[in-house]
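A look at the structure
What follows is the residue order along each chain.
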Amino acid sequence: MEQVIQCLSAFLGCLGFAFVFRVHRRLPYALLASLGGMLGWIVYLLVIPYLSNIMSNLCAMIVVALFSEIMARICKAPATIFIVVGCFPIVPGKGIYQTMLYLISHDQDLFLDSLFQTVGTALALATAILIVSTFFKVIKTIKQKDYHL
Amino acid sequence: MNEQLLIKNIAEIGKLLLKNGAEIYRVEESLERMCQSYGFQDIGVFALPTYFTMSVTFQDGTSTSLTKRTLQNRTNLDAVCALNDLVRKICNETPTNDFIEQQIQAINSLHPIMPLVLLGYGLGAGGYAIFFGGGLHEGIIAGIIGFLMYFFIWINEILGINSLMRTTLTSMFLTILAILFYHFHLIYNLDATIIGCLMILTPGIAITNSLRDIIDGNYVSGQARLVEAFFIATAIALGVGLIRILLKGLI
């Protein structure tokens, strides 16, 4: 039940961010992007029993980025729209907050741990985008026969 | 066709792309493609997050270069999308100057729908408050705080406060409100409420865009945005931390 609430609230939150970033006249894109964010979180929940937190975030973000690139090609829209909105469930907002909290309460072990987790999550997010974007660039090059032997 | 006017219009499209938060590689690629489609030679484009320069040689052999600087970039994905469509159209159909000018005007006059922006702030903060373990109470209160945050950020922008200070002040503002609501027992999960509201400030765009720039070899822009992301995160933490120390008695 808790997971269902998380997924639904992730969808609503992403939709909110789509509006914040001024996706107003293309409502289907806003909904699709939010769906991508929710999909990412579903993947996270599916893999978290088997993998570490950072690896789960990586998997989730790979799915979000894949979804975004595919949707960008279907809708003929920039992939940024979908990625920027869809990444928010994985953006380490909680990590930033907790790191600060442990710093204030002089809890060094927990502080270092959560700092590591926060930076790790941000790196996972970055790596996922790196992997997927490179993959799609290669496909594009092969398709257009733009390679130089 | 008047090529000087044409290059001005093309540069204007580039400026709008940059201003509305497109990635650097998109700006560079769009400008290059548009110039190519009109048969210009020796195209050189270089863009940074707030600046770009381009130089071309026209078909009669004369060359020109121009630079544009944008201040106050704000993410407007609707405009990026519209500009992207326009660029694609220009590349495929090489329309006349008048048509391009008209389209630029149309995109410029597309104002964001304010009620939706406000709804977005409320929905974003509320949704993530629930996402991070809050209940219905936390969601509603975070939504209200998110709503107020919009006006707070707006006032800061009018006063011309720089973005780092703005982020710090906004995160202080939201923490004060959240702690007050908590003190008067309107919410039970302080952490979830604060994190939900914080999400609005987090540098998600900076992280994602910077990486997409680095992939394309734009290390300077990518690095600039990465640094921005790091500073924003620090500013958020600073604001929350300060208020939590100052208002310790109320928690």
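Residues numbered from 1 in each chain as written. Chains lettered and ligands numbered in written order. Predicted model: local features only at pLDDT ≥ 70, side-chain atom pairs only at ≥ 80, totals over all residues. Heavy atoms only, no water.

Defined as follows: UniProt positions are given in the numbering used here, feature names are shortened, and annotations may be inferred rather than shown by experiment.
As annotated in an unreviewed UniProt entry, chain B carries the name Threonine/serine exporter and comes from Faecalibacillus intestinalis. Recorded in UniProt under Sequence similarities (unreviewed entry), the annotation for chain B is "Belongs to the ThrE exporter (TC 2.A.79) family." Under the UniProt heading Subcellular location (unreviewed entry), the note attached to chain B is "Cell membrane".

An unreviewed UniProt entry lists chain A under the name Threonine/serine exporter, with Faecalibacillus intestinalis given as the organism. According to the UniProt record, the Subcellular location (unreviewed entry) comment for chain A reads "Cell membrane". A UniProt comment under Sequence similarities (unreviewed entry) is attached to chain A, and it reads "Belongs to the ThrE exporter (TC 2.A.79) family."

Let's talk about the UniProt feature "domain: Threonine/serine exporter-like N-terminal" (unreviewed entry) in chain B
Heads up, the rule is: Segments assigned H or I by DSSP are reported as helices when at least four residues long, segments assigned E as strands when at least two residues long, and all are numbered from the N terminus.
As recorded in UniProt, the sites labelled "domain: Threonine/serine exporter-like N-terminal" (unreviewed entry) are residues 10-242 of chain B. Taken end to end, residues 10-242 of chain B is 69% helix and 9% strand, and its two terminal C-alpha atoms sit 47 Å from one another.

A short note on helix α8 (residues 190-198) of chain B
Residues spaced three or four apart along an α-helix face the same direction, because each turn holds 3.6 residues. Worth spelling out the cut-off: A 1.4 Å probe rolled over the protein chains alone gives each residue an accessible area, and that area as a share of the maximum for its type sets the label: buried under 20%, exposed over 50%, partly exposed in between. Here, residues are in contact when the closest pair of their heavy atoms is within 4.5 Å. Side-chain atoms alone can form a polar contact between residues adjacent in sequence; in general such a contact is a pair of N or O atoms within 3.5 Å, and within protein one must be able to donate a hydrogen while the other accepts it.
Counting buried positions along α8(B) yields eight of nine residues, so the element is predominantly enclosed. Looking only at α8(B), the buried set comprises Leu190(B), Ala192(B), Thr193(B), Ile194(B), Ile195(B), Gly196(B), Cys197(B) and Leu198(B). Residues of α8(B) that are buried in the fold lie against α5 (93-104) of chain A together with α5 (114-131), α6 (136-158), α7 (163-183) and α10 (219-246) of chain B. With a side-chain oxygen lying 3.4 Å from the backbone nitrogen of Asp191(B), the N-terminal cap of α8(B) falls on Asn189(B).

What to know about the UniProt feature "transmembrane region" (unreviewed entry) in chain A
All names here are of chain A. What UniProt calls "transmembrane region" (unreviewed entry) maps, in this numbering, to residues 42-67, 79-104 and 116-139. For residues 42-67, the end-to-end C-alpha separation is 13 Å, with 81% helix and 0% strand making up the annotated structure. Secondary structure over residues 116-139 splits into 100% helix and 0% strand, and the C-alpha atoms at its two ends are 34 Å apart.

Concerning the packing of aromatic side chains
Given two aromatic rings, their pairing is described by the distance between the two centres and the angle made by the two planes. In plain terms, the rule: Two rings belonging to Phe, Tyr or Trp (six-membered ring only in the last case) form a pair when the distance between their centres is within 6.5 Å. Interplanar angles under 30 degrees mark stacking, angles over 60 mark edge-to-face geometry, and anything in between is tilted. By definition, being over a ring means that NZ of Lys or CZ of Arg is both within 6 Å of the ring centre and within 35 degrees of the ring normal.
Counted according to the given criterion, the structure contains 18 aromatic pairs over all chains. Aromatic side chains Trp41(A) and Phe131(B) sit 4.5 Å apart centroid to centroid with 65° between the ring planes, which places their arrangement in the edge-to-face category. With Trp41(A) in helix α2 (residues 27-47) and Phe131(B) in helix α5, this pair bridges two chains. For the pair Trp41(A) and Phe131(B), a shared accessibility class is recorded, and that class is buried. Where Tyr121(B) meets Tyr150(B), the ring centres are 5.2 Å apart and the plane angle is 70°; that geometry is what we call edge-to-face. Pair noted here: Tyr121(B) is in helix α5 and Tyr150(B) is in helix α6, with a separation of 29 residues, a long-range link. The exposure class assigned to Tyr121(B) is buried, which follows from its relative accessible area of 10%. Using a relative accessible area of 13% as the deciding quantity, one classes Tyr150(B) as buried. An aromatic cluster of three or more residues is present, and its members are Phe17(A), Phe21(A), Trp41(A), Tyr44(A), Phe88(A), Tyr128(B), Phe131(B) and Phe132(B). Lys137(A) extends its terminal NZ or CZ atom over the ring of Tyr25(B), reaching a point 5.8 Å from the ring centre.

Looking at the nonpolar core
Our working rule: As used in this record, nonpolar core signifies buried Ala, Val, Leu, Ile, Met, Phe, Trp, Tyr and Cys residues forming a set joined through side-chain atoms within 4.5 Å.
Counting 88 residues, the largest nonpolar core has Met61(A), Phe82(A) and Ile145(B) as its most contacted members. Ignoring anything within four residues of it in the chain, the contact list for Phe82(A) reads Tyr29(A), Leu32(A), Ala33(A), Ser68(A), Met71(A), Ala72(A), Cys75(A) and Ala77(A). Formed by 33 residues, the second largest nonpolar core is a distinct cluster that contains Ile13(B), Ala22(B), Leu31(B) and Ile104(B).

Section: the interface of chain B and chain A
Test applied: Throughout, the accessible surface (probe 1.4 Å) given up by two parts as they are put together, summed over both, is called the buried area. A side-chain nitrogen of Lys or Arg and a carboxyl oxygen of Asp or Glu constitute a salt bridge if their distance falls within 4 Å.
On the chain A side, the residues contacting the 55 residues of chain B number 49 residues. Carbon and sulfur atoms supply 72% of the area buried between chain B and chain A, which totals about 4,700 Å² over both sides. Put simply, Asp78(B) and Arg26(A) hold a salt bridge, and the shortest N to O gap is 3.3 Å. Our count for the contact surface shared by chain B and chain A stands at 12 residue pairs in polar contact (both at pLDDT 80 or more).

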